[in-house]
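# Survey of secondary and tertiary structure
Residues per chain are reported as follows:
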Amino acid sequence: MRLIRSAGLAAAGVCTGMMAEYLLDPDRGKARRARMRDRTAHRANDLTDGVRGLSRDVSNRGRGMAMATRYRVTGRSADDAVLHDRVRAELGRLVSHPHAIQVRVNGRTVTLVGDVLADEDKQARQAIKRIPGVKSVDSQWTVHEEPGSVPTLQGKGRSHVGAKRSQPMH
């Protein structure tokens, strides 16, 4: 046991001596020390940036959770004009031709009139029902399998439509 400890101390002493010779070398020691100092400073800056980013992320997530909670509590008492804007915004995310749909809100009941494609119908109605403050949805729009000759459904439409979202923003 004593022999192993002595061998370990000897090895540590040799390593310390080699490190001292490496760093205190009169020819290249100054450059080596500068390079070591720069690497240490770089790693410290990376660590500081990482901690700062993590702190900002946690802060933003906390603020987002607080806003989502506040929205769920106070959002249910929204007036018809606010609900109209929320429905229009949701339609803009869900259907390829949101301009083809007229939205009317009366007493928290949303009425949808216009033209919509069949593959967007169900998802849009469900998403609008989940908007805080909406009591019911009356979809009076015409559902079309394809744009065909429907003028309001012509054109390219929005490219981001149809992308699956894991959770609604409400």
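Structure report, in brief. (Residues numbered from 1 in each chain as written. Predicted model: local features only at pLDDT ≥ 70, side-chain atom pairs only at ≥ 80, totals over all residues. Heavy atoms only, no water.)

### Concerning the pattern of salt bridges
- Taken as a whole and judged by the stated rule, the model has 6 salt bridges.
- Here Arg32 ties to Asp25 by a salt bridge, and the two come within 3.6 Å at their closest N and O atoms.
- Asp25 gets classed as partly exposed once you look at its relative accessible area, which sits at 22%.
- A salt bridge links Asp121 to Arg125; the shortest N-O distance between them is 3.0 Å. With a gap of 4 residues between them, Asp121 and Arg125 both fall in helix H4 (residues 118–129), about one helical turn apart.
- Assessed through its relative accessible area of 12%, Asp121 is described here as buried.
- Arg125 sits in the partly exposed class, given a relative accessible area of 25%. (Salt bridge = Lys/Arg side-chain N within 4 Å of Asp/Glu carboxyl O. Buried < 20%, exposed > 50% of the residue type's maximum accessible area, 1.4 Å probe, protein only. Helix = DSSP H or I, 4+ residues; strand = E, 2+ residues; numbered from the N terminus.)

### Focus on the nonpolar core
- In this structure, Val87, Leu91, Ile101, Val103, Val110, Leu112 and Ile128 are the most contacted members of the largest nonpolar core, which totals 17 residues.
- Going through the elements one at a time, helix H3 (80–94), strand E1 (101–106), strand E2 (109–117) and H4 are the ones with two or more residues in this core.
- Residues within four places of Ile101 in sequence aside, it is in contact with Arg88, Leu91, Val95, Leu112, Val113, Gly114, Asp115, Val116 and Trp141. (Core = buried A, V, L, I, M, F, W, Y, C linked by side-chain atoms within 4.5 Å. Contact = heavy atoms within 4.5 Å.)

### Section: a nonpolar patch on the surface
- Together, Met19, Tyr22 and Met36 make up a nonpolar patch on the protein surface, roughly 280 Å² of accessible area in all.
- Relative to the helices and strands, Tyr22 resides in helix H1 (residues 2–24). (Patch = residues over 30% accessible without salt bridge, like charges linked within 9 Å, V, L, I, M, F, W, Y side chains within 5 Å. Areas by Shrake-Rupley, 256 points an atom, 1.4 Å probe, with all protein chains shown as cover.)

### Some remarks on the packing of H1 against helix H2 (residues 29–74)
- It is at 6 Å that the axes of H1 and H2 come closest, and there the two elements cross at 105°. With respect to H2, the element H1 is oriented roughly perpendicular. Residue-level inspection shows Met19, Tyr22, Leu23 and Leu24 of H1 in contact with H2, the latter providing Gly29, Arg32, Arg33, Arg35 and Met36.
- Looking at the contact of H1 with H2 residue by residue, the classes come out as 5 nonpolar, 1 polar and 3 charged. (Axes fitted to C-alpha atoms, helices over the stretch in contact; angles between N-to-C directions. Parallel < 35°, antiparallel > 145°, perpendicular 65-115°, else oblique. Nonpolar A, V, L, I, M, F, W, Y, C, P; charged D, E, K, R; others polar.)

Honestly, that's just the spatial picture; any functional story needs more than this.
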